[in-house]
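Tertiary structure, described
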Amino acid sequence: MVKVKTKFYCTECGYETPKWYGKCPGCGSWNTMVEETEKVVKTQGLTSGIFHTKEKPLPIINIESGQEPRIQTGIAELNRVLGGGVVPGSLILVGGDPGIGKSTLLLQTSHEMARAGLRVLYISGEESTRQTKLRAERLGALSAELYVLCESSMDNIEEAIDQIKPDFLVIDSIQTVYLAEVTSAPGSVSQVRECTARFMRIAKGQGIATVLVGHVTKEGAIAGPRMLEHMVDCVLYFEGERHHSYRLLRAVKNRFGSTNEIGIFEMNEAGLTEVANPSELFLSERPLGVAGSTVVASMEGTRPMLVELQALIASTHFPSPRRMATGVDHNRMNLIIAVLEKRMGMFLQNQDAYVNLAGGVKLDEPAVDLAMAVSIASSFRDLPTKPYDVIFGEVGLTGEVRAVARAEQRVKEAAKLGFKRVILPEKSMKGWNSPKDIQLIGVNTVADALAVALD
Ligand SMILES: Nc1ncnc2c1ncn2[C@@H]1O[C@H](COP(=O)(O)OP(=O)(O)OP(=O)(O)O)[C@@H](O)[C@H]1O
Ligand SMILES: [Mg+2]
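Conventions and cut-offs
- Residues numbered from 1 in each chain as written.
- Chains lettered and ligands numbered in written order.
- Predicted model: local features only at pLDDT ≥ 70, side-chain atom pairs only at ≥ 80, totals over all residues.
- Heavy atoms only, no water.
- Helix = DSSP H or I, 4+ residues; strand = E, 2+ residues; numbered from the N terminus.
- Contact = heavy atoms within 4.5 Å.
- Areas by Shrake-Rupley, 256 points an atom, 1.4 Å probe, with all protein chains shown as cover.
- Lys, Arg positive; Asp, Glu negative; His and termini not counted.
- Charge placed at Lys NZ, Arg CZ, Asp CG, Glu CD.
- Near = heavy atom within 4 Å.
- Polar contact = N/O pair within 3.5 Å; in protein donor to acceptor, adjacent residues only side chain to side chain.
- Buried < 20%, exposed > 50% of the residue type's maximum accessible area, 1.4 Å probe, protein only.
- Arc of directions from axis to C-beta.
- UniProt positions renumbered as here; feature names shortened; annotations may be inferred.
- Axes fitted to C-alpha atoms, helices over the stretch in contact; angles between N-to-C directions.
- Parallel < 35°, antiparallel > 145°, perpendicular 65-115°, else oblique.
- 1 Å grid on protein atoms, 1.4 Å probe; cavity = no way out; pocket = protein on both sides within 12 Å on 5 of 7 lines; lining within 4 Å.
- Points joined across faces, edges and corners; volume = space filled by probe spheres on them.
- Nonpolar A, V, L, I, M, F, W, Y, C, P; charged D, E, K, R; others polar.
- Pairing = 2+ DSSP bridges.
- Core = buried A, V, L, I, M, F, W, Y, C linked by side-chain atoms within 4.5 Å.

On to the overall build of the chain, then. The number of helices and strands found in the chain is 11 helices and 21 strands. Principal axes of the C-alpha set define a box for the chain whose edges measure 80 × 55 × 50 Å. Sequence separation of at least 24 residues holds for 66% of the intrachain contacts in the chain that already meet a minimum separation of 6. For the chain, the accessible surface area stands at approximately 21700 Å², while carbon and sulfur atoms represent 51% of it. Averaging the coordinates of the 50 positive side-chain charges in the chain and doing the same for the 53 negative ones gives two points 4 Å apart.

Attention shifts here to the site of ligand 1. Within the structure, ligand 1 sits among 13 residues, and Gly-99, Lys-102, Ser-103, Thr-104 and Arg-135 are positioned closest to it. Here an oxygen atom of ligand 1 and a backbone polar atom of Gly-101 are 3.0 Å apart. Taken by itself ligand 1 offers 650 Å² of open surface, and the protein chains cover 65% of this. No other element matches the three residues that helix 2 (residues 102-115) contributes to the shell around ligand 1.

When you line up the elements, Arg-303 lands in strand 14 (residues 303-315). The contact partners of Arg-303, leaving out residues within four places of it in the chain, are Glu-77, Arg-80, Ile-262, Gly-263, Ile-264, Val-275, Ala-276, Pro-278 and Ser-298.

Those residues of helix 3 (residues 129-139) lying buried are Thr-132, Arg-135, Ala-136 and Leu-139. With its buried residues spanning 100 degrees around the axis, helix 3 presents them on a single face. Against helix 2, strand 5 (120-124), strand 6 (146-150) and strand 12 (271-274) lie the buried residues of helix 3.

Here we come to helix 11 (residues 446-453). Inspection of helix 11 places Val-446, Ala-449, Leu-450, Val-452 and Ala-453 among the buried residues, and these make up the whole buried set. One side of helix 11 holds all its buried residues, which, seen down the axis, span an arc of 165 degrees.

This part covers the UniProt feature "domain: RecA family profile" (unreviewed entry) in the chain. Mapped onto this numbering, the UniProt entry annotates "domain: RecA family profile" (unreviewed entry) at residues 67-216. Note that residues 67-216 is 41% helix and 18% strand, and that its end C-alpha atoms are spaced 34 Å apart.

Here the focus is the packing of helix 4 (residues 154-164) against helix 5 (residues 189-206). At a closest axis distance of 12 Å, the pairing of helix 4 and helix 5 adopts a crossing angle of 10 degrees. Taken together, the axes of helix 4 and helix 5 are roughly parallel relative to one another. Residue-level contacts link Met-154, Asp-155, Ile-157, Glu-158, Ile-161 and Asp-162 of helix 4 to Cys-195, Arg-198, Phe-199, Ile-202 and Gln-206 of helix 5.

Glancing now at the environment of Ala-185. Mapped onto the elements of the fold, Ala-185 is located in the loop between strand 7 (168-172) and helix 5. The class for Ala-185 is partly exposed, based on a relative accessible area of 48%. The spacing of Ala-185 and Gln-175 is 10 residues in sequence and 9.6 Å in space, taken between C-alpha atoms.

Time to look at empty space enclosed by the protein. Applying the stated criterion across every chain, the model contains two cavities of 30 Å³ or more. If you add up the space inside the largest cavity, you get close to 60 Å³. Residue lining of the largest cavity: Thr-73, Leu-78, Leu-82, Val-86, Ile-92, Val-94, Leu-105, Leu-106, Thr-109, Phe-168, Val-211 and Leu-236, and that is the complete set. Of all the secondary structure elements, the ones that give two or more residues to the lining of the largest cavity are helix 1 (76-82), strand 4 (91-96) and helix 2. The greatest single-element share of the lining of the largest cavity, amounting to three residues, is contributed by helix 2. Considered class by class, the residues forming the lining of the largest cavity number 10 nonpolar, two polar and no charged. In this structure, the second largest cavity spans a volume of roughly 40 Å³. If you trace the second largest cavity, you find it lined by Glu-239, Gly-240, Glu-241, His-244, Tyr-246, Leu-248, Gly-359 and Gly-360.

The pairing of strand 13 (residues 293-300) with strand 14 spans eight bridges and is classified as antiparallel. Across the sheet, Thr-294 pairs through a bridge with Leu-309, a residue of strand 14. In this structure, the hairpin formed by strand 13 and strand 14 is closed by a connection of two residues, where Gly-301 is found at a positive phi of approximately 65 degrees.

Here the focus is the nonpolar core. Within the largest apolar cluster, 46 residues are counted, with the highest numbers of intra-cluster contacts made by Leu-340 and Ile-376. Broken down by element, this core gets its largest block of residues, seven residues, from helix 9 (residues 369-381). Filtering out sequence-adjacent residues up to four positions away, Ile-376 remains in contact with Ala-311, Ile-313, Ile-336, Ile-337, Leu-340, Leu-348 and Val-355. Formed by 33 residues, the second largest nonpolar core is a distinct cluster that contains Val-94, Leu-249, Ala-251 and Leu-272.

Below, the structure is given as structure tokens:
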């Protein structure tokens, strides 16, 4: 009789134990242990390393390197997030909420790559070939070099890879793939881990750029062990608000490039279209000359972006006022409110405060501080801001305005979009020449900034 073993895995770190624990002994997180029955037939290669070369260690200066070649995906925003294109042999994990457009993005990418003459294999474990064809017709993604297969058995997938020999491989999604040797259900911790290890070996061994789609949990992390994110080369998140048509592609890990870049898309019937100039999009619905609204110049990677920041300060009847931040850091907002109370003498303790970045974007750099302070003060005092102002700068605890990086690019973007005046940290004004048709006002304190912006 085959003995069925029960094991418990931590979904955070992959820790394995024969007994259930409320707190994972491996990483200390609570309530992350899941039960799995398994009967692992010992075969060679399961979770073993990917490199089995019998080579001697070499001095690093003797190792040949050469430029890392990149494949252009034909979708500029995706290339930007990946750091200039896909590296052959790399393993990329794309996560995102249900229905956000992961399959759409990857089908469009596959089509563009196939059109550029590469051989592409798109494996779907979630949709039938007919369904995929219908989608491809809607997206206009029909090309002869794009092969589609509906399969979830790892062995059959490997067979198909050997047969087609693709340059680019898409697995939609890793949670549907299963290995016959591992008896737990598809999508379970051990299945996902073993299958990813297999794909890693295929990608590195045969030089196939591979994209895995991953489901996300309710908390927004990629389902499966946290280890999954360590195993792959890049982790991308595709995100967006359900009620907005924009989608943001963000890298949280990238072994071949920076993780600061974001890609911006718009979803419509014909699929995802790239948004080359996000500032225009995020400012399109801006009300002019009202209290509480400012425009902030933020840098996302190497690209400056102008976004509208709104604040609403309203008196409350409750002893502890509400503080709500959407798109900006909640703690940062509390800090700015404290600075305004203490340094500017504004009585905000009996006021609800709501801060919102328009368009569903999230900005986490400190350069939004000054715009947030001006918005809050503007709403509190009911004084309108100037529609031609752009504001950026970090705010310190004593109410001082601190320098931020890349002031020149931010100012240039503001000038390009027709703004007349920029309020920025005085210390950021040195070392570069400003465009002719824009006025720069350097400030050292929040008080200075408010005097200029709300006069
Ligand atoms: N006919 C259509 N017209 C306009 N938009 C559509 C149409 N069909 C689908 N969509 C959009 O595409 C989205 C689904 O995209 P897609 O299937 O790529 O998402 P996904 O992230 O792969 O989802 P899942 O997690 O279910 O695999 C829908 O939420 C909808 O916004
Ligand atoms: Mg899908």
